[in-house]
Amino acid sequence: MNTLADAWSWLTTTAHWHGQDGIWARLGQHLYLTVVCLLVSCLIALPVALFLGHIGKGGALAVNISNVGRAVPTFAVLVLLLLTPVGRWGEGPTIVALVLFAVPPLLTNAYVGMREVDQDVVRAARGMGMTGRQLLLQVEVPLALPLILTGVRIAAVQLVATATIAALAGGGGLGRIITAGFNLASTPQVVAGAVLVAAFALVVEGVFEAAQRFAPRRFGLRAAEEPA
């Protein structure tokens, strides 16, 4: 209990929230790293998943290949990247490692969502004379949106939790609070940093949960009504 009380005391100390190494600064760095990695991951995984899901070919192979990345620890990937020329790019190794970590859930959920679209709706849309592009954008993607957003939510939460490894490569983020606590042999600071990461992950989870709850219903119902 003393450790938790000391961690709370550390968190409620005003001086720890401000300055170049303060909580707000580290939180901003963590958010920036998470958003960049999530955007890059989405740009890589979603177009591939949507296209393969639309044509119905090659998706299983792509998903299995992407899932190989889950078997390799992100920290191990980061260490290996630091030993390559990529290690000279500042945050480059961290971004590459985190992107490889975030692609599998994005690709898998988007592809499964596309393949689970009601084929009666798809056939009705084709019967109305929709082109492949119209079918993809106006029918399949809106109906697959719940699972697509699930993949984005999972990837975002995983990135928030895993982005702490940036500190091990000299990067910023909330992980620096934890590593600084280890360097200072300050258990309360380590616990406080872990609490901040967990709280940030819960906030991100809540934001995407709200988006997943409201947006898909509107698009999904609209898409289902159009071809009827």
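Keep in mind that what you see is a predicted model, and the values were worked out from it rather than measured.

S.K.: Can you lay out the packing of helix α6 (residues 119-127) against helix α7 (residues 132-162) for me, pointing to particular residues and giving the numbers?
M.R.: In contact at an axis separation of 11 Å, α6 and α7 are set at 165 degrees when each is read in the N-to-C sense. As judged from the angle between their axes, α6 and α7 are roughly antiparallel. For the element pair α6 and α7, the recorded crossing hand is right-handed. In contact with Val 121, Val 122, Ala 125 and Arg 126 of α6, α7 contributes Leu 135, Val 139, Glu 140 and Leu 143. Class assignment for the residues of the contact of α6 with α7 results in six nonpolar, no polar and two charged.

S.K.: Describe the nonpolar core, listing the residues and the values that go with them.
M.R.: Of all hydrophobic cores here, the largest spans 57 residues; its most connected members are Leu 38, Leu 98 and Ile 148. Among the elements that make up this core, the one with the highest residue count is α7 (eleven residues). Apart from the residues within four sequence positions on either side, Leu 98 is in contact with Leu 33, Cys 37, Thr 74, Leu 159, Thr 162, Ala 163 and Ile 165.

S.K.: So what's going on with the environment of Arg 176? Residues and values would help.
M.R.: Examined against the element boundaries, Arg 176 turns out to sit in helix α8 (residues 175-183). With a relative accessible area of 29%, Arg 176 lands in the partly exposed category. Along the sequence, Arg 176 and Gly 193 sit 17 residues apart, while their C-alpha atoms lie 8.3 Å from each other. Beyond its immediate sequence surroundings of up to four residues, Arg 176 is in contact with Arg 26, Ala 167, Gly 170 and Gly 171.

S.K.: Could you give me a rundown of a nonpolar patch on the surface, with the residues and numbers involved?
M.R.: Together, Phe 75, Val 79, Leu 80, Leu 83 and Leu 168 make up a nonpolar patch on the protein surface, roughly 520 Å² of accessible area in all. You can see Leu 80 is positioned in helix α4 (residues 74-82).

S.K.: I'd like a rundown of α6, residues and numbers included.
M.R.: It helps to recall that an α-helix has 3.6 residues per turn; residues three or four apart then point in one direction. Buried within α6 are the following residues: Val 121, Val 122 and Ala 125. All buried residues of α6 fall inside an arc of 100 degrees around its axis, so they share one side. Among the exposed residues of α6, those pointing more than 90 degrees away from its buried face are Arg 123 and Gly 127. Buried-residue contacts for α6 involve α7. Capping of α6 at its N-terminal end is provided by Asp 118; its side-chain oxygen lies 2.9 Å from the backbone amide nitrogen of Asp 120. In the stretch just after α6, Gly 129 is the one whose phi turns positive, near 90 degrees.

S.K.: I'd like a rundown of the layout of surface pockets, residues and numbers included.
M.R.: Taken as a whole, the largest pocket holds about 190 Å³ of empty space. For the largest pocket, the lining is made up of 13 residues, of which Asp 21, Arg 176, Ile 177, Ala 180 and Gln 189 are closest to its centre. If you tally residues by element for the lining of the largest pocket, the top one is α8, at four residues. Across the lining of the largest pocket, the residue classes break down as five nonpolar, five polar and three charged.

S.K.: Account for the environment of Asp 6, naming residues and giving values.
M.R.: Within the secondary structure layout, Asp 6 lies in helix α1 (residues 2-11). Along the chain, Asp 6 and Thr 187 lie 181 residues apart, while their C-alpha atoms are 8.7 Å from each other.

S.K.: Just give me the short version of helix α5 (residues 92-115), but keep the residues and values in it.
M.R.: Look at α5: 34 Å from first C-alpha to last across 24 residues, which is about the 34 Å you get at 1.5 Å a residue. Maximal helix bending in α5 amounts to about 30 degrees, located at Ala 102; proline Pro 104 follows within four positions. Most of α5 sits out of view: 18 of its 24 residues are buried.

S.K.: Mind laying out the confidence of the model for the protein, listing which residues take part and the relevant values?
M.R.: Mean pLDDT for the protein: 84, with 90% of residues reaching 70 or above. Low pLDDT, under 50, characterises residues 220-228; the stretch is placed with 16 contacts to residues that sit more than four places away or in other chains.

S.K.: Would you mind going over the pattern of salt bridges in detail, with residue names and values included?
M.R.: Across all of its chains, the model carries four salt bridges by this definition. With a closest N to O distance of 2.4 Å, Arg 123 and Asp 120 form a salt bridge. Residue Arg 123 and its partner Asp 120 are located together in helix α6, separated by three residues, close to a single helical turn. Close ionic contact of Arg 153 with Glu 205 constitutes a salt bridge, the shortest N to O distance being 2.8 Å. Highlighted residues: Arg 153 in helix α7 and Glu 205 in helix α9 (residues 187-225), separated in sequence by 52 residues.

Reading the values: rules and limits
Starting from 1, residues in each chain are numbered consecutively following that chain's sequence as written. pLDDT decides what is reported in this predicted model: residues at 70 or higher carry local features, side-chain atom pairs at 80 or more are listed and counted, and totals for whole chains, interfaces and linings draw on all residues regardless. By convention in this description, side-chain values take in all heavy atoms of the structure and omit both hydrogens and water. Simply put, an axis is a line fit to the C-alpha atoms, just over the touching stretch for a helix, and the angle between two N-to-C directions goes from 0 to 180 degrees. Only DSSP runs of H or I covering at least 4 residues are called helices, and only runs of E covering at least 2 are called strands; the numbering of each starts at the N terminus. Each angle is binned into one of four classes, with values under 35 degrees roughly parallel, values over 145 roughly antiparallel, values of 65 to 115 roughly perpendicular, and all other values oblique. Whether a crossing is left-handed or right-handed is set by the direction in which the near helix is turned from the far one by less than a right angle, anticlockwise for left-handed and clockwise for right-handed. Note on definitions: a residue-residue contact is assigned when non-hydrogen atoms from the two residues lie within 4.5 Å. Residue type decides the class: Asp, Glu, Lys and Arg count as charged, Ala, Val, Leu, Ile, Met, Phe, Trp, Tyr, Cys and Pro as nonpolar, and the leftover types, Gly among them, as polar. Side-chain atoms within 4.5 Å link the members of a nonpolar core, which is a set of buried Ala, Val, Leu, Ile, Met, Phe, Trp, Tyr and Cys residues. Relative accessibility thresholds used throughout: buried, under 20% of the residue-type maximum; exposed, over 50%; partly exposed, between the two (1.4 Å probe, protein chains only). A patch is a set of surface residues, each over 30% in relative accessible area and not in a salt bridge, joined within 9 Å for like charges and within 5 Å for the nonpolar side chains Val, Leu, Ile, Met, Phe, Trp and Tyr. Note on areas: Shrake-Rupley with a 1.4 Å probe; residue coverage comes only from the protein chains shown. When a carboxyl oxygen of Asp or Glu lies within 4 Å of a side-chain nitrogen of Lys or Arg, that pair is called a salt bridge. Comment: arc refers to directions from the helix axis out to C-beta atoms. In the analysis that follows, any N or O atom pair within 3.5 Å is treated as a polar contact, provided that within protein one partner can donate a hydrogen and the other can accept it, and provided that, for residues neighboring in sequence, both atoms belong to side chains. Computed over the protein atoms alone on a 1 Å grid, cavities are sets of points where a 1.4 Å probe fits but cannot get out and pockets are open sets with protein on both sides within 12 Å along at least five of seven lines; a residue lines them when it has an atom within 4 Å of a point. Grid points are joined across faces, edges and corners, and a volume is the space filled by probe spheres set on the points. Given the number of residues in a helix, its expected span is that number minus one, multiplied by 1.5 Å. One axis is fitted to the seven residues ending at the residue and one to the seven starting there. The bend at that residue is the angle between these axes. One number per residue, pLDDT, summarises how confident the predictor is, and it ranges from 0 to 100.

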